[in-house]
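Here is how the chains run, residue by residue.
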Amino acid sequence: MASQQSRCYSVLSVPSSRTRPSGVTIDDAFLLEAKNTQKRKLSQKRNTLLAAGALWHCQAQVPGAAGKLPTQGAPLGGIKQRFCPGAEAAAHQRERIRALEPLKAKLVTVNEDCNERILAMRAEERHEISMLKKEKMTLLKLIDKKNEEKISLQSEVSKLRKNLAEEYLNYLSERDARKILIADLNELRYQREDMSLAQSPGIWGEDPVKLTLALKMTRQDLTRTQMELNTMKANFGDVVPRRDFEMQQKTNKDLQEQLDSLRADYEEVRKEHEILLQLHMSTLKERDQFFFELQEIQRTSTPRPDWTKCEDVVAGGPERWQMLAEGKNSDQLVDVLLEEIGEGLLREKDFFPGLGYGESVPSFLRFEGLVENKKPTKKDVVNLLKDAWKERLTQEQKEKFPDFFFNFLERRFGPSDAIAWAYTIFENIKLFHSSEVMSQFYAVLMGKRSESVYVNQKETIAQLLKEMTNADSQKEGMLTMEQFSTVLKSTFPLKKEEKILELMEAGGWHPNSDNADFLNYRALFLEDEEGQSEPFVQKLWEQYVDEKDEYLQELKQELGIELYSDVTLPKLRGALMSIDSSLDKQTLNTYISQAFQLPVSELPEEGDGKEEGIVVRLQTALERLQVIDVRRRGPREQEPAS
């Protein structure tokens, strides 16, 4: 019985024996109500247990009395019923405690986070307090130093005041002494004059008394004149001459005009400053927005690839990969990697499937069945393409470039292997976009670029090399930077100064270089075994492409219409002459013939009524002009001075 009583008591006292976690606030009314409920249940359980204990004690003292007591079963059943609800309540309390366990853990976690933040804030405050204390000590030292300087200056001022007072007293004494001395000298002079007049009366021929009286009256007039002069000085001492006044007035007028101009400039600068402040605030907002977007992108976007992983995969190892990846961005590196992968796959192929005889198939690829892959090296392909260009430039009777290419392969490899080499060369030049020779040959072969572009570019490079050779008087292959710049400006008179500087930098010039430094100009035009040019020649090609795009963009802006709008022949001719007035008639007709896809002989004359009926979409015209060699023929018209 005692064990059951203690067990019941322990079950009922479980909620009260649990400690509350730190930082948790429990409603006082809820606690009071829970305690009162537990107390009532405890008192009921104790009374029930005491009654049951007394009954069991009587049963133990009187054996067999249980069967004789008719009400024995009822109290025991009542006790059990009263005891069991307590156990159910305890189980309910335990379930409630278990349900509150996650809240306790969460509160503990929140408490720990708050404590960590408080500790971090306290550490920051301590650091800030220490910095403020250091600043306070520095300011106190500065104040002490200023006080010492102030005391020193005050003592020096007092000393100077004392010296000034002494000097002033000396000055007063000297002034008084000088006045007395002047008065004595005047008196002596007057006495001397009187004595001289008295001793020689015959000089004047007058009576001495009369002369004395005249002298006295003259002295009175002199005194009165002196007084008037002093009065005039006192009244008009601050008056300046008219000439000085007019000069000062003119100076004042000039200064007033300068002040008005400065005020206007200040007002303009103030407005610009306000505008700049607004721009600064908007820039700050954009910066914060971009920073947030950058963080969001860094959080959600795919990380940049680690290109060093390609070193072990690409043939040639890390050294070749570094050579391939030098100076390239991620997009170009993807092209390089695709070329390496495509080269491997191309080498694994033994045959190419024929494309058939359809109209969309180029003439040099029309074949049914399997075509053998000749598997040449990249160097072999480049040399073959160079030989094709050499033969093309020496041809007198020009044929279509695809037909010429196939005929060249037939002459080189025979009719039986020509189609195999055509497929092999085509697959290689289609794959290697990074190779200048292959990419340019592919563009001309597929009609995306006119062969005149390649020919004119080669002629430009040859002309530039010739000019540099002529400037090399010693014929040693060396030019000074000044000669190099002069040759570039004379060869490309339409290029801007920054474009010339870009070419010089590509050739090896640096801002810190001296004009007397020498440059090996022949090395600028060399090519490696795969046909890759030096950076100088590559920069020439890049500038040509940029200048063509800029020229066509100026043409679009001059027309002032959208890309999907139609443009007539007279309007296009006028726009071309407007942006480039130096165009000759032959070049102008070539551009118009290409834009409208009409032979030059069929173009109507200027002023003919048929011109208005010839139209083409602007986007189509620009794409057609992009194919041929389009460039500026004369300088831009100067804008009117503001």
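Residues numbered from 1 in each chain as written. Predicted model: local features only at pLDDT ≥ 70, side-chain atom pairs only at ≥ 80, totals over all residues. Heavy atoms only, no water.

Peer 1: Before we go on, may I ask you to explain the overall build of the protein chain in this structure?
Peer 2: For the protein chain, the helix and strand inventory stands at 20 helices and six strands. For the protein chain, long-range pairs separated by at least 24 residues make up 64% of all intrachain contacts whose partners lie at least 6 apart in sequence. When the accessible surface of the protein chain is summed, it comes to about 45600 Å², and 55% of that surface belongs to carbon and sulfur atoms. (Helix = DSSP H or I, 4+ residues; strand = E, 2+ residues; numbered from the N terminus. Contact = heavy atoms within 4.5 Å. Areas by Shrake-Rupley, 256 points an atom, 1.4 Å probe, with all protein chains shown as cover.)

Peer 1: So what exactly am I meant to see when it comes to the packing of helix H11 (residues 401–413) against helix H13 (residues 436–445) here?
Peer 2: Geometry of a packed helix pair, given as the angle between the helix axes and the separation of the axes. Taken N-terminus to C-terminus, the directions of H11 and H13 make an angle of 120 degrees; their axes are 9 Å apart at the nearest point. Considering their axes alone, H11 and H13 lie oblique with respect to each other. Taking contact as the criterion, the partners of Phe401, Pro402 and Phe405 in H11 are, on H13, Phe441, Val444 and Leu445. Among the residues making up the contact of H11 with H13, the classes are represented as six nonpolar, no polar and no charged. (Axes fitted to C-alpha atoms, helices over the stretch in contact; angles between N-to-C directions. Parallel < 35°, antiparallel > 145°, perpendicular 65-115°, else oblique. Nonpolar A, V, L, I, M, F, W, Y, C, P; charged D, E, K, R; others polar.)

Peer 1: I'm lost on the side chain of Ser450 in this one. Help?
Peer 2: Counting through the fold element by element, Ser450 comes out in the loop between H13 and helix H14 (451–471). Taking the relative accessible area as the measure of exposure, Ser450 reaches 19% and is therefore buried. (Buried < 20%, exposed > 50% of the residue type's maximum accessible area, 1.4 Å probe, protein only.)

Peer 1: Teacher, can you tell me more about the UniProt feature "coiled-coil region" (unreviewed entry) in the protein chain here?
Peer 2: Following the UniProt record, the feature "coiled-coil region" (unreviewed entry) maps to residues 129–163 and 245–279 here. In this annotation, residues 129–163 is assigned 100% helix and 0% strand; the end-to-end C-alpha distance for the span is 50 Å. Segment residues 245–279 splits into 100% helix and 0% strand. End C-alpha atoms: 50 Å apart. (UniProt positions renumbered as here; feature names shortened; annotations may be inferred.)

Peer 1: Help me understand unusual backbone geometry in this model?
Peer 2: Backbone geometry at Lys375 places phi at a positive 55 degrees, although glycine is not the residue there. When you line up the elements, Lys375 lands in the loop between strand S2 (370–372) and helix H10 (378–394). Unusually for a residue other than glycine, Gln597 sits at a positive phi of about 55 degrees. Residue placement: Gln597 occurs in the loop between helix H19 (585–596) and strand S6 (615–617).

Peer 1: Help me understand the packing of helix H8 (residues 317–325) against helix H9 (residues 330–348) in this model?
Peer 2: Across the interface, H8 lies against H9 with an axial gap of 10 Å and an inter-helix angle of 135 degrees. Our classification of the angle between H8 and H9 gives oblique. Contacts between H8 and H9 involve Arg320, Trp321, Leu324 and Ala325 from the first element and Leu333, Val336, Leu337 and Glu340 from the second.

Peer 1: Any chance you could explain the packing of aromatic side chains here in plain terms?
Peer 2: The description of an aromatic ring pair rests on the distance of the ring centres and on the angle between the ring planes. If you walk through the whole model with that rule in mind, you get 14 aromatic pairs. Between Trp389 and Phe401, the aromatic rings sit 5.3 Å apart at their centres with planes inclined by 40 degrees, giving tilted as the arrangement. Remark: Phe401 occurs in helix H11 and Trp389 occurs in helix H10; sequence separation between them is 12 residues. For Trp389, a relative accessible area of 2% puts it in the buried group. With 5.8 Å between their ring centres and 80 degrees between their planes, Phe525 and Phe536 make a pair best called edge-to-face. Of this pair, Phe525 sits in the loop between strand S4 (518–520) and helix H17 (535–559) while Phe536 sits in helix H17; the two residues are 11 residues apart in sequence, bridging distant segments of the chain. (Phe/Tyr/Trp six-rings, centres within 6.5 Å; stacked < 30°, edge-to-face > 60°.)

Peer 1: Which parts of the structure should I look at to understand H10?
Peer 2: One turn of an α-helix holds 3.6 residues; hence residues three or four places apart share an orientation. The end-to-end C-alpha separation of H10 is 25 Å, in line with the 24 Å expected for 17 residues at 1.5 Å each. For H10, the full list of buried residues reads Lys378, Val381, Val382, Leu384, Leu385, Ala388, Trp389 and Arg392. When H10 is viewed along its axis, its buried side chains cluster within an angular range of 160 degrees and face the same direction. Seen from the buried face of H10, the exposed residues on the opposite side, beyond 90 degrees, are Lys390 and Thr394. (Expected span 1.5 Å × (residues − 1). Arc of directions from axis to C-beta.)

Peer 1: Explanation requested: H11 in the structure shown.
Peer 2: For H11, which comprises 13 residues, the first-to-last C-alpha distance of 18 Å matches the rise-based estimate of 18 Å (1.5 Å per residue) to within 8%. What H11 keeps buried is the set Phe401, Phe404, Phe405, Phe408 and Leu409. Looking down the long axis of H11, one finds its buried residues gathered within 135 degrees of arc, a one-sided arrangement. Buried residues along H11 sit in contact with H10, helix H12 (415–431), H13 and H14. A positive phi of about 90 degrees marks Gly414, the residue just after H11.

Peer 1: Teacher, can you tell me more about a negative patch on the surface here?
Peer 2: Together, Glu498, Glu502, Glu505, Asp546 and Asp549 make up a negatively charged patch on the protein surface. When residues of the negative patch are traced back to their parent elements, those giving at least two are helix H16 (497–507) and H17. With three residues, H16 is the single largest residue contributor to the negative patch. Within the secondary structure, Glu505 sits in helix H16. Judged by relative accessible area, which is 43%, Glu505 ranks as partly exposed. (Patch = residues over 30% accessible without salt bridge, like charges linked within 9 Å, V, L, I, M, F, W, Y side chains within 5 Å. Salt bridge = Lys/Arg side-chain N within 4 Å of Asp/Glu carboxyl O. Lys, Arg positive; Asp, Glu negative; His and termini not counted. Charge placed at Lys NZ, Arg CZ, Asp CG, Glu CD.)

Peer 1: Explain the side chain of Arg632 here, please?
Peer 2: Tracing the backbone through its elements, the reader meets Arg632 in the segment after helix H20 (618–627). Among the polar contacts made by the side chain of Arg632, one reaches the side chain of Glu554 at a distance of 2.5 Å. Ignoring any residue separated from it by four or fewer positions in sequence, one finds Arg632 in contact with Leu494, Tyr551, Glu554, Ile579 and Asp580. (Polar contact = N/O pair within 3.5 Å; in protein donor to acceptor, adjacent residues only side chain to side chain.)

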